[in-house]
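Here are the chains, one letter per residue:
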Amino acid sequence: MSTSGATREKPDAEVQFCLVFRCERLSVPVMRRVLGDTLRGLGVDTESVDDILLAATEACTNVLTHGGQQTGGYTVLTRLGAVGCQVEVTDEGVGLPGTLAPALAGSAPPDPAPELIPVAQLAESGRGLAVMRACVDDVTLDSRPGHGTVVTMSKHISWSSDAPVQRLRAAS
Ligand SMILES: Nc1ncnc2c1ncn2[C@@H]1O[C@H](COP(=O)(O)OP(=O)(O)OP(=O)(O)O)[C@@H](O)[C@H]1O
Ligand SMILES: [Mg+2]
């Protein structure tokens, strides 16, 4: 599933880091703390950090809520570039439930390949995806029924003038 419009290519990452969690409730506040402290420490502007954390919280909560009992864990991969931040939340849970198949209105039944479905078509679902869309510039949800889900959130960011990444950039 994906929103339309904004660019979806991966930012030319200068920094990337990956957090790995077990599927347990405590992982969400821990994710928020670690991701927030790291982004702020690297010099990402605080307004963007707040938005990214809210969106990531919804995506991670969805893993716990919808991933299914067998979902062992999930990852939160963050890529940071000169003007963009991309956060990818990946699980190996049940994927998009078949009950949402009608969202593919008028199309043939989904094949086993990963489906990219407009997030807007899930408007009748809860508010989590809407919150993500409101907080970042682009949201995609790539669901493989039975094989998990990847939610990718991209946002333009700015850096503080004394950000460590600026020094990295200047040195390269
Ligand atoms: N990681 C995931 N695994 C499986 N299904 C997912 C996942 N993330 C989202 N979904 C599906 O997308 C739907 C919409 O998600 P959304 O967060 O908008 O709503 P919700 O979680 O149902 O409700 P709310 O977030 O308001 O509590 C979910 O109901 C679920 O069917
Ligand atoms: Mg939700």
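Engineer: I tried to follow the site of ligand 1 on my own but got confused; where do I start?
Structural biologist: In the region of ligand 1, 15 residues are neighbours, and N62, H66, D91, R127 and L129 sit closest. The contact in question runs from an oxygen atom of ligand 1 to an N or O atom on the side chain of N62, over 2.8 Å. Here G126 contributes a backbone N or O atom positioned 3.2 Å from an oxygen atom of ligand 1. Computed on the free molecule, ligand 1 has an accessible area of 600 Å², of which 83% lies beneath the protein chains in the complex. Those elements giving two or more residues to the shell around ligand 1 turn out to be α2 (46–66) and α3 (128–135). With 4 residues, α2 is the largest single contributor of residues to the shell around ligand 1. Each residue belonging to the shell around ligand 1 can be placed in one class, and the counts come to 5 nonpolar, 7 polar and 3 charged.

Engineer: Whenever I open this one, the nonpolar core confuses me. Can you help?
Structural biologist: Inside soluble globular proteins, nonpolar side chains tend to come together where they are buried. Counting 38 residues, the largest nonpolar core has L35, Y74, V76, L80, V89 and M153 as its most contacted members. Looking at this core, the elements that each hand over two or more residues are β1 (15–22), α1 (27–42), α2, β2 (73–80), β3 (84–91), α3, β5 (138–144) and β6 (148–156). Among the elements that line this core, the one with the most residues is α2, at 9 residues. If we ignore the near neighbours within four places in the chain, the residues touching V76 are F17, C18, L19, F21, M31, C60, V87, E88 and V89.

Engineer: Can you help me understand a nonpolar patch on the surface in this one?
Structural biologist: Together, L26, V30 and V34 make up an exposed nonpolar region whose accessible area comes to about 240 Å². Position of V30 relative to the elements: it lies in helix α1.

Engineer: Please explain the pattern of salt bridges as it appears in this structure.
Structural biologist: Opposite charge on two side chains allows them to pair when their charged atoms are near. One pass over the full model with this rule turns up 5 salt bridges. A salt bridge links E24 to R22; its shortest N-O distance comes to 3.4 Å. Linking R79 and E88 is a salt bridge whose minimum nitrogen-to-oxygen distance equals 3.3 Å. Overall, the relative accessible area of 12% leaves E88 in the buried class.

Engineer: Where do I start with the pairing of β1 in this structure?
Structural biologist: Side chains of β1 alternate between two faces, with V15, F17, L19 and F21 buried and Q16, C18, V20 and R22 left unburied. By the bridge criterion, 8 bridges tie β1 to β2 in an arrangement that is antiparallel. Looking across to β2, one finds that Q16 is bridged to R79.

Engineer: Looking at this structure, how should I read the packing of α2 against α3?
Structural biologist: Geometry of a packed helix pair, given as the angle between the helix axes and the separation of the axes. Packing of α2 against α3 brings their axes to within 8 Å, and their N-to-C directions diverge by 155°. As the angle between them shows, α2 and α3 are arranged roughly antiparallel. The hand of the α2/α3 crossing is left-handed. Counted together, D51, L54, A55, E58, A59 and N62 of α2 and G128, V131, M132 and C135 of α3 form the full contact between these two elements. Residues belonging to the contact of α2 with α3 are distributed by class as follows: 6 nonpolar, 2 polar and 2 charged.

Conventions we followed
- As a convention, each chain's residues are numbered from 1 in the sequence order in which they are written.
- Note on labels: chains are lettered from A, ligands numbered from 1, in written order.
- Local features in this predicted model are restricted to residues of pLDDT 70 or higher, and side-chain atom pairs are both shown and tallied only at a pLDDT of 80 or more, whereas totals for entire chains, interfaces and linings draw on every residue.
- Hydrogens are left out, water is left out, and the side-chain values use all remaining heavy atoms of the structure.
- We define proximity as follows: a residue is near a molecule or strand when any one of its heavy atoms falls within 4 Å of that partner.
- Two N or O atoms count as a polar contact when they lie within 3.5 Å, although within protein this holds only if one can serve as hydrogen donor and the other as acceptor, and sequence-adjacent residues are included solely when both atoms are side-chain atoms.
- In these tables, accessible area is a Shrake-Rupley quantity obtained with a 1.4 Å probe, and a residue counts as shielded only by the protein chains included in the view.
- Per the convention used, a helix needs a DSSP run of H or I reaching at least four residues, while a strand needs a run of E reaching at least two, with both numbered from the N terminus.
- Polar here means any residue other than Ala, Val, Leu, Ile, Met, Phe, Trp, Tyr, Cys and Pro, which are nonpolar, and Asp, Glu, Lys and Arg, which are charged; Gly is therefore polar.
- As used here, the term nonpolar core means buried Ala, Val, Leu, Ile, Met, Phe, Trp, Tyr and Cys residues forming a set that is joined through side-chain atoms within 4.5 Å.
- Each residue gets one of three labels from its accessible area relative to the maximum for its type: buried under 20%, exposed over 50%, partly exposed in between, using a 1.4 Å probe on protein chains only.
- Whether two residues are in contact is decided by their heavy atoms, any of which lying within 4.5 Å being enough.
- Residues forming no salt bridge and having over 30% relative accessible area are the ones grouped into patches, like charges within 9 Å of each other and nonpolar side chains (Val, Leu, Ile, Met, Phe, Trp, Tyr) within 5 Å.
- Any carboxyl oxygen of Asp or Glu that lies within 4 Å of a side-chain nitrogen of Lys or Arg is treated as forming a salt bridge with it.
- Criterion used throughout: strands pair if DSSP finds at least two bridges between them.
- Here the axes come from fitting lines to C-alpha atoms, over the contacting stretch only for helices, and the angles between their N-to-C directions go from 0 to 180 degrees.
- Comment on the angle field: the value is read as roughly parallel under 35 degrees, roughly antiparallel over 145, roughly perpendicular from 65 to 115, and oblique elsewhere.
- Handedness of a helix crossing follows the sense of rotation of the near helix relative to the far helix, less than a right angle counterclockwise being left-handed and clockwise being right-handed.

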